[in-house]
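Each chain is listed here by its residues.
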Amino acid sequence: MKYLVVALALLAGSFVKAQKNAEVLNYINQYRQLAINEMQRTGVPASIKLAQGIHETQAGKSDLVHRSNNHFGIKCKTGWSGNKVYHDDDERGECFRSYSSSSDSYVDHSDFLRRSSRYSFLFDLDPEDYKAWAYGLKKAGYATNIRYSQILIRLIEDYDLNQYTLIALGKLPAPEELFVKNMLPESSTVTVIRP
């Protein structure tokens, strides 16, 4: 009986991991084209944008993204005159930017990085060097999590997100259907959105 309980616990853990993977893949398939478009418009690597979006929204499942369409955890800060929501983060009831659409969040994230002197050095980096960008974001103070860089790098590598940077740069053709390299078990479903 004890072994049965342990086996069931391991099986449940595998199922939860597959579910997380399906959520991440769905997020990528839903927002990859926005990330590519924003890279072409502003130079923010699509791989970095997708990794940040996945992490900051828990692959589109976080309370903040549901309440505000805020995919990047951008706080109000000085000068923000748009809509706001209040959410517990580093402190209770912090002010976060709120958007009418996910697209607006993606555009504002690019502009936020592009217009801030804090992040200007990032645009001197090779856009294909996602590690330098990840470490640069942490160095510039984008997030308080000391492992932020490693989290982004792991997501980029686990889901081959750099392919979207290469597509944006014209170094890789955009296939009719874009998939990440980590395919799920047959029982999992992924929503595919054609570009």
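Above this note sits the structure.
K.L.:
Sorry, what's going on with the packing of helix 2 (residues 46–57) against helix 4 (residues 102–115) here?
P.N.:
Each pair of packed helices can be summarised by the angle the axes make with each other and by the distance between the axes. For the pair helix 2 and helix 4, the least separation of the axes is 12 Å and the interaxial angle reads 120°. Taken together, the axes of helix 2 and helix 4 lie oblique to each other. As helix 2 packs across helix 4, the resulting crossing turns out to be right-handed. Seen from helix 2, the contacting residues are K49, L50 and Q52; seen from helix 4, they are Y106, H109 and S110.

K.L.:
Explain the packing of aromatic side chains here, please?
P.N.:
Given two aromatic rings, their pairing is described by the distance between the two centres and the angle made by the two planes. Under the counting rule described, the total for this entry stands at nine aromatic pairs. Each ring, one from W80 and one from Y99, has its centre 5.9 Å from the other, and the planes form 65°; the classification is edge-to-face. Of this pair, W80 sits in the loop between helix 3 (63–68) and strand 1 (84–87) while Y99 sits in the loop between strand 2 (94–97) and helix 4, placing them 19 residues apart in sequence. Taking the relative accessible area as the measure of exposure, Y99 reaches 7% and is therefore buried.

K.L.:
Which parts of the structure should I look at to understand the pattern of salt bridges?
P.N.:
Taken as a whole and assessed by the stated rule, the structure comprises 12 salt bridges. Among the ionic pairs, D88 bridges to R92, the shortest N-O distance being 3.6 Å. Linked by salt bridges that have partners in common, E38, R41, D111 and R115 make up one network.

Thresholds applied
Residues numbered from 1 in each chain as written. Predicted model: local features only at pLDDT ≥ 70, side-chain atom pairs only at ≥ 80, totals over all residues. Heavy atoms only, no water. Axes fitted to C-alpha atoms, helices over the stretch in contact; angles between N-to-C directions. Helix = DSSP H or I, 4+ residues; strand = E, 2+ residues; numbered from the N terminus. Parallel < 35°, antiparallel > 145°, perpendicular 65-115°, else oblique. Left-handed = near helix turned anticlockwise from the far one by under 90°. Contact = heavy atoms within 4.5 Å. Phe/Tyr/Trp six-rings, centres within 6.5 Å; stacked < 30°, edge-to-face > 60°. Buried < 20%, exposed > 50% of the residue type's maximum accessible area, 1.4 Å probe, protein only. Salt bridge = Lys/Arg side-chain N within 4 Å of Asp/Glu carboxyl O.

No statement about biological role is implied by the geometric values presented.
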